[in-house]
Amino acid sequence: MARTFTRNAWLWLLWFGLSALSTWALWLGMQLKEDAPPPPAGFLRTAFLPGQTSHGHHQIEMACSTCHGSEAFSAADVMQDACTQCHAAELKAADDSHPRSKFTDPRNAERAARLDAAHCVTCHVEHKPDITHAMGVTLPKDFCSICHDDIAEERPSHAGLGFDTCASSGCHNFHDNRALYEDFLTKHAGKPDLLETRTVPERDWKTVIEELYESYPIDRFPKQVLTQADAPAGKGSAQVHRDWLETGHAQAGVNCSGCHMVPPAKGEPPAWTDKPDHTVCSTCHKQEVKTFLEGKHGMRLAAGMTAMTPAQALIPMKSDAQQEGIGCATCHGAHRFDPVKAATAGCLACHADKHSKAFAASPHAALAKREAAGELPAGSGVTCATCHMPRLEHRTDDVRHMSVQHNQNDTLRPSEKMLRPVCMNCHSLQFSLDALADPALKDSNFKGKPSVHVSSIEWALKDAERAEAERRAARREGDE
Amino acid sequence: MKVIPVLALGSAVAFSASTASAQDATASWSYKDIADALHLIMESDRTVYTRLIVNRLQNEDKVIKASEHWKDDKALVLPAQMFRYGSEMVAEKGAAFTYSLLSEWPINKQNAAKTDVEKAGLAEVGKTGKPYYKEETLGGKKYFTAVYPDKAIAKACVSCHNDHKDTPRRDFKMGDVMGGVVLRLPMK
């Protein structure tokens, strides 16, 4: 009896000690922002990761505090703040069809009790790979029925449709319906697959520079055409100097020191840096760098981690793809900064999924070749960047220009986001809807015609007819 | 009528010694008074926007249209959107009270009455043209709910609604009650 007691006491003590130690280590692990904290914290953090995060967050999953905060771990409001920190602006820009205020309104209390959509994590639970499907949604796919189960009363055309098809058929999205609302569908009905003019908008670099004017460091870069590099002796080969001379940088008075002389830390005098990072580029290319940090290529940098490497990607990458962290120069190439190279070769240096590998043989690539050969007007070619980093209007209260959206995810998911800024520059809405809804066509990089048909435009036209008949009847009644 | 303690007590303590009249004035603000005051502002702003902006520029001078898709159509926002965007901004700022524009004949089905008080209130203001007040409990919380008639005060209201694709009613006339503003104050 006494012996058992002593052994049990020892075991209890051991159990208690180990628990305390691991709790402490876990706590320590969570506190650290760095993605590879020293052991034991780093090891325990990996061990305690409750399950792989989705493709949207896997790159930063080891920086727990980015989403969980550093104090009240997993408190609903802390997590909500973290979500909005990165995603609020894009939701606002998308005219979110289900804004938070809809669910905090007491008149919707009964609905909110069924689905608390005032919090992102109600529908997008992380660390649950087994139940995560498209768009990182973790609810059953028919979740629309929670509030819209009576839709057939309002829209007889919808009677009998499965609620798992609302968002998967090319008709609706939960947040972004800018290219899917009825009046948009009817307005763009009846156009040919290929529009008469087929070019994407030009970049508007001149306006960007003008808008930059107030903050542009003109004293450092007086506007003049440079012919001589001011690099210290021994820096940069003849090729590097030739490359630079051909760029807008040399034309606009941005010399070697413009990018290479950077203060090593805040307040310190500038010193030569061999590899300036994205913060240097953002001195003049603010919007480009900002959006780069918002996308898959820059999100680790944005979270204060080391840069993303192709090896960390979940989608197929070339096995010889470089292991170096991605920065501006990875795609643009230092000194030459060739936007044409960045727009296709930059991507294909790493990406090796079906869609990427099929690009070279696609009709879009053929157009890009013909544009490069001067056979087609500027903006007629379609590169990877045309669709995945499109030229978009950047608009604030006092700024309005076309610039390249460097967040490759902005038009990617859900794919209907690509309709307005990309596809519809050259194709009809119907053709674009069908093409985006056809997975085989995506794999072949849009070689051929869509084999899928999205009926939403026809339905919208039919509904418009119904409304017109009602209007006429009402007018007749009014006249009598 | 019950008195809102927040406003009343706060100001009462602050001004107790010096301004007795201010204390009396705030202390007598009932839920109904506060709801009426808030609604008066909303109704006036709504009338100004509809008459001076939408009706004048769209229906009289015909220089610009109002459209649900004002961003795409480069048009004026609808009076109902003007109202809703304001109410959403109020919600985003964390205000305790909420308000919305509803109707028994809604263009947007989400603007149909949902709670029992909304249903009774809309029916009542449609009949009497006068406000309707009731306490209700939603999501376990108690609210003072006021419903105010929303009337067709300009031709623009009538023509747009009667002509709209999704309207369930096409015979509105000037002066008709087209719906109601529902305003909720949380009760202590």
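All residue numbers here refer to positions counted from 1 along the written sequence of the relevant chain. Here the convention is simple: chains get letters from A, ligands get numbers from 1, in the order in which they are written. The predicted nature of this model means local features are confined to residues of pLDDT at least 70 and side-chain atom pairs, given and counted, to a pLDDT of 80 or more, with totals for whole chains, interfaces and linings taken over all residues. With hydrogens and water stripped out, all remaining heavy atoms of the structure feed into the side-chain values.

## As for the overall build of chain B
Argument step 1. In terms of regular secondary structure, chain B is built from seven helices and four strands.
Argument step 2. We count a stretch as a helix when DSSP gives it H or I for four or more residues in a row; a strand needs E for two or more, and each element gets its number in order from the N terminus. Starting at the N terminus and walking to the C terminus, you meet the elements of chain B as α-α-α-α-α-β-α-β-β-α-β.
Argument step 3. The buried share among the 188 residues of chain B stands at 41%.
Argument step 4. Taking all contacts inside chain B whose residues are at least 6 apart in sequence as the whole, residues at least 24 apart take part in 56%.
Argument step 5. Here, Shrake-Rupley sampling with a 1.4 Å probe gives the accessible areas, and only protein chains in the shown set may cover a residue. A total accessible area of about 10100 Å² is found for chain B, and carbon and sulfur atoms account for 60% of it. Burial status follows relative accessibility: with a 1.4 Å probe on protein chains alone, a residue under 20% of its type maximum counts as buried, one over 50% as exposed, and anything between as partly exposed. We call two residues contacting when some pair of their heavy atoms lies within 4.5 Å.

## Side note on helix α25 (residues 456-479) of chain A
Argument step 1. What a helix should span is 1.5 Å times the count of its residues minus one. Between its terminal C-alpha atoms α25 of chain A stretches 35 Å, which fits the 34 Å expected from 24 residues at 1.5 Å a residue.
Argument step 2. Among all positions in α25 of chain A, only Ser456, Ile457, Ala460, Asp463, Ala467 and Arg471 of chain A are buried.
Argument step 3. The inward-facing, buried residues of α25 of chain A contact α9 (182-187) and α23 (429-436) of chain A together with α7 (155-163) of chain B.

## Observations regarding the interface of chain A and chain B
Argument step 1. Counting from both sides, the interface comprises 28 residues of chain A and, opposite them, 28 residues of chain B.
Argument step 2. Of the roughly 2200 Å² buried at the junction of chain A and chain B (both faces included), carbon and sulfur atoms supply 42%.
Argument step 3. Buried area: the accessible area, evaluated with a 1.4 Å probe, that two parts lose upon being put together, summed over both parts. The three residues of chain A that bury the most area against chain B are Pro106, Arg107 and Arg471 of chain A, which together make up 32% of that side's buried surface.
Argument step 4. The term salt bridge refers to a pairing of a side-chain nitrogen on Lys or Arg with a carboxyl oxygen on Asp or Glu at a separation within 4 Å. Seen at the junction of chain A and chain B, the total is twelve salt bridges.
Argument step 5. A salt bridge links Lys71 of chain B to Asp95 of chain A; the shortest N-O distance between them is 3.0 Å.
Argument step 6. Counting residues per element, the ones that place at least two in the side of chain A that touches chain B are α4 (76-93), α6 (109-114), α9 and α25 of chain A.
Argument step 7. Here the element with the most residues in the side of chain A that touches chain B is α25 of chain A; it accounts for eight residues.
Argument step 8. Residues were grouped as follows: Ala, Val, Leu, Ile, Met, Phe, Trp, Tyr, Cys and Pro as nonpolar; Asp, Glu, Lys and Arg as charged; and all remaining residues, including Gly, as polar. In terms of residue class, the side of chain A that touches chain B is made up of nine nonpolar, three polar and 16 charged.

## Re the packing of helix α3 (residues 31-60) of chain B against α7 of chain B
Residues and elements named next belong to chain B.
Argument step 1. The axes are straight lines fitted to the C-alpha atoms, using for helices just the contacting stretch, and the angles between their N-to-C directions are given from 0 to 180°. One way to put it is that α3 packs onto α7 with a least axis distance of 9 Å and a crossing angle of 60°. When the interaxial angle is binned, α3 and α7 end up oblique. Along the contact surface, α3 presents Thr50, Val54, Asn55, Gln58 and Asn59, while α7 presents Lys155, Ala156, Cys157 and Ser159.
Argument step 2. Class assignment of the residues belonging to the contact of α3 with α7 gives a composition of three nonpolar, five polar and one charged. Our angle categories are set so that under 35 degrees counts as roughly parallel, over 145 as roughly antiparallel, 65 to 115 as roughly perpendicular, and the remainder as oblique.

## Considering the packing of aromatic side chains
Both the distance between ring centres and the angle between the ring planes are used here to describe each pair of aromatic rings.
All names here are of chain B.
Argument step 1. To pair, rings of Phe, Tyr and Trp, with the six-membered ring standing in for Trp, must have centres within 6.5 Å; the planes then decide the type, stacked if under 30 degrees apart, edge-to-face if over 60, and tilted in the middle. Taken as a whole and judged by the stated rule, the model has ten aromatic pairs over all chains.
Argument step 2. A ring pair is formed by Tyr133 and Phe144, whose centres lie 5.9 Å apart and whose planes are at 25°; its orientation type is stacked. Of this pair, Tyr133 sits in strand β2 (residues 132-138) while Phe144 sits in strand β3 (residues 141-151); the two residues are eleven residues apart in sequence, bridging distant segments of the chain.
Argument step 3. According to the relative accessible area criterion, Tyr133 is partly exposed, its value standing at 25%.
Argument step 4. Of the residues examined, Phe144 reaches a relative accessible area of 3% and is grouped as buried.
Argument step 5. Centre to centre, the rings of Tyr133 and Tyr148 are 6.2 Å apart; their planes meet at 90°, and the pair counts as edge-to-face. Of this pair, Tyr133 sits in strand β2 while Tyr148 sits in strand β3, and the two are 15 residues apart along the sequence.
Argument step 6. Among the aromatic residues, ring-to-ring pairing joins Tyr31, Tyr133, Phe144 and Tyr148 into one connected group.
Argument step 7. Counting as a charge over the ring demands two things of the Lys NZ or Arg CZ atom: a distance within 6 Å of the ring centre and an angle within 35 degrees of the ring normal. Seen from the ring of Phe83, Arg46 lies directly overhead, with NZ or CZ sitting 5.7 Å from the centre.

## Examining the packing of α3 of chain B against helix α5 (residues 79-92) of chain B
Residue and element names in this part refer to chain B.
Argument step 1. Put simply, α3 and α5 touch, their axes get as near as 10 Å, and they point 140° apart. Relative to α5, the element α3 is oriented oblique. As for how α3 packs across α5, the hand of that crossing is right-handed. Residues Met42, Arg46, Tyr49, Thr50 and Val54 of α3 touch α5, and the partners they reach there are Pro79, Ala80, Met82 and Phe83. In this scheme, a crossing is called left-handed if the near helix is turned counterclockwise away from the far one by less than a right angle; it is called right-handed if the turn is clockwise.

## Overview of the confidence of the model for chain B
Argument step 1. Averaged over all residues, the pLDDT of chain B equals 89, while 86% of them reach at least 70.
Argument step 2. This complex was scored by the predictor with a pTM of 0.87 and an ipTM of 0.82. Each residue gets a pLDDT score, which is the predictor's confidence in that residue and runs from 0 to 100.

## Some details on the pattern of salt bridges
Argument step 1. Within this structure, the stated rule accounts for 38 salt bridges over all chains.
Argument step 2. The partner of Arg466 of chain A in a salt bridge is Glu470 of chain A, with the nearest N and O atoms 2.8 Å apart. Note that Arg466 of chain A and Glu470 of chain A are positioned in helix α25 at a spacing of four residues, about one turn of the helix.
Argument step 3. Across the pair Arg46 of chain B and Asp150 of chain B runs a salt bridge whose closest N-O atoms are separated by 2.7 Å. Of the two residues, Arg46 of chain B is situated in helix α3 and Asp150 of chain B in strand β3; the sequence distance between them amounts to 104 residues. The residues Arg46 of chain B and Asp150 of chain B share a single accessibility class, namely buried.
Argument step 4. Put simply, Arg155, Glu182, Asp463, Arg466 and Glu470 of chain A together with Lys165, Asp166 and Arg170 of chain B are held in one network by salt bridges that share partners.

## Concerning the environment of Pro232 of chain A
Argument step 1. You can see Pro232 of chain A is positioned in the loop between α10 (205-212) and α11 (238-245).
Argument step 2. Put simply, Pro232 of chain A and Ala89 of chain A are 143 residues apart on the chain and 43 Å apart in space, counted from C-alpha to C-alpha.

## Topic: the side chain of Ser100 of chain B
Argument step 1. Among the structural elements, Ser100 of chain B can be located in strand β1 (residues 98-102).
Argument step 2. In this structure, Ser100 of chain B is in contact with Asp105 and Arg107 of chain A together with Phe83, Gly180, Val181 and Val182 of chain B, ignoring residues within four places of it in sequence.

## Some details on a negative patch on the surface
Argument step 1. Residues forming no salt bridge and having over 30% relative accessible area are the ones grouped into patches, like charges within 9 Å of each other and nonpolar side chains (Val, Leu, Ile, Met, Phe, Trp, Tyr) within 5 Å. Counting rule applied: Lys, Arg positive; Asp, Glu negative; His and chain ends not counted. Think of each charge as sitting on NZ of Lys, CZ of Arg, CG of Asp or CD of Glu. Taken together, the side chains of Asp149, Asp150, Glu153 and Glu154 of chain A present a region of like negative charge at the surface.
Argument step 2. Within the secondary structure layout, Glu154 of chain A lies in helix α8 (residues 151-154).

## Description of the nonpolar core
Considering soluble globular proteins, one finds that nonpolar side chains tend to be buried as a cluster.
Argument step 1. To qualify as a nonpolar core, a set must consist of buried Ala, Val, Leu, Ile, Met, Phe, Trp, Tyr and Cys residues joined through side-chain atoms within 4.5 Å. In terms of nonpolar packing, the biggest core is built from 20 residues, with Phe184, Leu185, Met418, Leu419, Leu429, Leu433 and Ile457 of chain A touching the most fellow members.
Argument step 2. Breaking this core down by element, the ones donating at least two residues are α9, α23 and α25 of chain A.
Argument step 3. The element that contributes the greatest number of residues to this core is α23 of chain A, accounting for three residues.
Argument step 4. Excluding anything up to four places from it in sequence, Leu429 of chain A contacts Ala179, Phe184, Leu185, His188, Leu419, Met424 and Ile457 of chain A.
Argument step 5. If you look at the next biggest cluster of nonpolar residues, it comprises 14 residues, including Ile34, Leu101, Val181 and Met187 of chain B.

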